[in-house]
Amino acid sequence: MRKLTGAVFQSLDGVMQAPGGPEEDRTSDFRLGGWSHPFFTGDMGPFEGVISSEYDLLLGRRTYEIFAAYWPNNRDNPIGEKFQRINKYVLTHSDGPLDWDNSSKLTGDAAVVVGELKQSEGRDLLIQGSSTLYPPLLSAGLIDRLLLMTFPVLLGKGKSIFDVSQRPSRMKLIDHYVSGTGVIFTTYEPNGEVETGSFATKEPSQDELKLREKIKEGAW
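Residues numbered from 1 in each chain as written. Predicted model: local features only at pLDDT ≥ 70, side-chain atom pairs only at ≥ 80, totals over all residues. Heavy atoms only, no water.

A. Local environment of the sheet that holds strand β4 (residues 103-106). In spatial order, the strands read β4-β3-β2-β5-β1-β6-β8-β7; together these eight strands make up an open sheet with mixed pairing. Sheet topology places β4 and β7 (171-178) at the edges, where each strand pairs with a single neighbour. Each strand axis lies, on average, 25° off the axis of its neighbour in the sheet, ignoring direction. The sheet contact formed by strand β2 (residues 56-60) and strand β5 (residues 125-128) spans three bridges and is parallel. Residue pairing in the sheet places Leu-57 in a bridge with Leu-126 of β5. Across the face of the sheet, helix α4 (residues 110-119) comes into contact with β1 (4-11), β2, β3 (88-91), β4 and β5 while running at roughly 160° to β3. (Pairing = 2+ DSSP bridges. Helix = DSSP H or I, 4+ residues; strand = E, 2+ residues; numbered from the N terminus. Axes fitted to C-alpha atoms, helices over the stretch in contact; angles between N-to-C directions. Contact = heavy atoms within 4.5 Å.)

What follows is the structure, encoded as structure tokens:
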């Protein structure tokens, strides 16, 4: 089975929109595009190993269009050369053509079609950008490894990989690294269901019980 990795540039408050440049993605009037650039010094820790490995790309339609407009015109960059030759699988409901070399359309329920793709022969898969892919794929347990690269900046609003529709689950930290500019790299793998507990050491007091009733009644 192919392994699926998600590699995410995000701010401290979880925004991953347009890290690469001011014009990358202005959806919802986002005006802080390019916010990751000041922190790139050549020291990108685990991401260097991920991006230099062999993989095929799994993308949402908008990220695909951003990449297709940029990378074919920058093939002198090693990443551009790689992106040109590898397969690009695009999850989309659009009928529009995919003109970039080696691009394939995936249509239907994300969890179903990506599950089938993972069962097929081929290289492992890497998600770049594509915020809409994460909630259904995380909920279905289809992302084998999640690399979060958290930059020391607060953006206030913008696209995130996390969504209220996401099924709760637990993750296991398997690696971590901090760059010289303060970017925190944390790598996670799925680790089952969420466990809960309580720090209470004795039965609730009458005051606590009254507060619980107040909360239950919606009067809190």
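B. Focus on the packing of aromatic side chains. With the rule as written, the count across this model stands at eleven aromatic pairs. Aromatic side chains Tyr-70 and Trp-71 sit 4.9 Å apart centroid to centroid with 85° between the ring planes, which places their arrangement in the edge-to-face category. Summarising the aromatic geometry, the rings of Tyr-177 and Phe-185 are spaced 5.8 Å apart at their centres and angled 55° between planes, so their arrangement reads as tilted. In this structure Phe-185 comes out as buried when scored by relative accessible area, which is 0%. The ring of Trp-100 carries Lys-88 above its face, with NZ or CZ at 4.3 Å from the centroid. (Phe/Tyr/Trp six-rings, centres within 6.5 Å; stacked < 30°, edge-to-face > 60°. Buried < 20%, exposed > 50% of the residue type's maximum accessible area, 1.4 Å probe, protein only. Lys NZ or Arg CZ within 6 Å of the ring centre and 35° of its normal.)

C. Highlighting α4. Every buried residue of α4 is listed here: Ala-110, Val-113, Val-114, Gly-115, Leu-117 and Lys-118. Looking at the packing, one finds that the buried side of α4 touches β1, β2, β3, β4, β5 and α5 (134-139). Structurally, the start of α4 carries an N-cap: the backbone nitrogen of Ala-111 is 3.1 Å from a side-chain oxygen of Asp-109. (Polar contact = N/O pair within 3.5 Å; in protein donor to acceptor, adjacent residues only side chain to side chain.)

D. Main features of the layout of surface pockets. In this structure, the largest pocket occupies an estimated 1000 Å³ of space. Lining the largest pocket are 32 residues, and of these Phe-9, Pro-19, Gly-20, Glu-24 and Phe-67 lie nearest its centre. Among the secondary structure elements, those contributing two or more residues to the lining of the largest pocket are β1, α1 (45-52), α2 (61-70) and α3 (78-85). The biggest single contributor to the lining of the largest pocket is α2, with six residues. (1 Å grid on protein atoms, 1.4 Å probe; cavity = no way out; pocket = protein on both sides within 12 Å on 5 of 7 lines; lining within 4 Å. Points joined across faces, edges and corners; volume = space filled by probe spheres on them.)

E. Layout of the side chain of Ser-103. In this fold, Ser-103 is placed in strand β4. In this structure the side chain of Ser-103 is engaged in a polar contact, spanning 2.8 Å, whose partner is the backbone oxygen of Trp-100. Sequence-distant contacts of Ser-103, that is, excluding residues within four places in its chain, are made with Tyr-64, Lys-88 and Leu-98.

F. Highlighting the pattern of salt bridges. As enumerated under the stated definition, the model contains 13 salt bridges in all. Arg-123 is the salt-bridge partner of Asp-56, the closest N and O atoms lying 2.8 Å from each other. Note that Asp-56 is positioned in strand β2 and Arg-123 in the loop between α4 and β5, a separation of 67 residues in sequence. We classify Asp-56 as buried; its relative accessible area is 1%. If you follow the salt bridges from partner to partner, you end up with Arg-2, Asp-56 and Arg-123 in one network. (Salt bridge = Lys/Arg side-chain N within 4 Å of Asp/Glu carboxyl O.)

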